[in-house]
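Residue-level structural notes
So you can see what is in the structure, the chains are spelled out below.
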Amino acid sequence: MPRGRPSKPERLGAILVDWDNLVIPTEKDLNLPVWEINIYLMRALLEASLKFIDKAHLFVFTSQGNINRNYFLEDDTKDFDLELIVVPSKKDAADKAIVLKAVELMREKEVTTFIFASGDGYFIKTAERLKKAGKKVVFMPYSEDHLHSDYLNSFNPNNIVFLKYYI
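Procedures and definitions
Residues numbered from 1 in each chain as written. Predicted model: local features only at pLDDT ≥ 70, side-chain atom pairs only at ≥ 80, totals over all residues. Heavy atoms only, no water. Pairing = 2+ DSSP bridges. Helix = DSSP H or I, 4+ residues; strand = E, 2+ residues; numbered from the N terminus. Axes fitted to C-alpha atoms, helices over the stretch in contact; angles between N-to-C directions. Contact = heavy atoms within 4.5 Å. Parallel < 35°, antiparallel > 145°, perpendicular 65-115°, else oblique. Nonpolar A, V, L, I, M, F, W, Y, C, P; charged D, E, K, R; others polar.

Some points on the sheet that holds strand E3 (residues 82-87)
- The strand order across the open sheet built from five strands is E3-E2-E1-E4-E5, with neighbouring strands paired in parallel fashion. One side of each edge strand has no neighbouring strand; the edge strands of this open sheet are E3 and strand E5 (136-139). On average, adjacent strands in this sheet sit at an angle of 20° to one another, irrespective of strand direction.
- In this structure, strand E1 (residues 12-18) lies alongside strand E4 (residues 111-117), joined through six bridges in parallel fashion. Bridged to Leu16 within E4 is Phe116.
- With respect to the sheet, helix H6 (residues 124-132) is in contact with E4 and E5, its orientation differing from that of E5 by roughly 150°.

What to know about the environment of Leu22
- One can find Leu22 in helix H1 (residues 19-29).
- Residues Leu22 and His146 lie 124 residues apart in sequence; the distance between their C-alpha atoms is 8.8 Å.
- Leave out the neighbours within four places in its chain, and Leu22 touches Val17, Leu41, Ala117, Ser118, Met140, Pro141, Tyr142 and Leu163.

Notes on the packing of helix H5 (residues 93-106) against H6
- The geometry of H5 relative to H6 is characterised by a closest axis approach of 10 Å and an angle of 5° between their N-to-C directions. With respect to H6, the axis of H5 lies roughly parallel. Contacts from Val99, Ala102, Val103 and Met106 in H5 reach Thr126, Arg129 and Leu130 in H6.
- The class makeup of the residues in the contact of H5 with H6 is five nonpolar, one polar and one charged.

Structural data, given as structure tokens:
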């Protein structure tokens with residue numbers, strides 16, 4: 001048996017990404033081609049996540065209408081350990097699918113941290129439910145302007161990370 005400090009348990013997370021919610025404000029903020037924005041966003045998301053988790057299941061939700069615009073996701077998902085989930089081009093379709101996936105994963109003991117890469121208010125009730133179940137919840141909107149104000153009132157500000165500062 002090796003001597004030394006006992007190893008810390010691995011922090012396993014689920015990263016639930018509302019891709020359209022991140023890409024649209026990033027496009028408005030940066031004057032770059034879409035393919036470059038996609039790469040910067042993915043890199044920022046992964047880098048920021050390492051503060052909270054060691055390994056993750058990455059679920060990227062995007063609408064059918066935006067899959068052509070975000071071809072990077074469809075072409076390069078084989079290069080990442082991620083699951084691309086294409087939802088109908090309907091209001092809140094991605095949000096609803098993210099909530100369903102979070103609730104499904106909540107039952108898995110090994111998933112200790114849930115990262116919502118979005119800032120809209122749709123996930124507040126789900127995040128509160130996850131916290132009650134003993135899970136850590138982190139929010140990663142693009143910027144302060146894209147974070148629903150209720151998150152600041154209900155959640156630890158140390159668990160809110162703005163991806164803009166990682167790009």
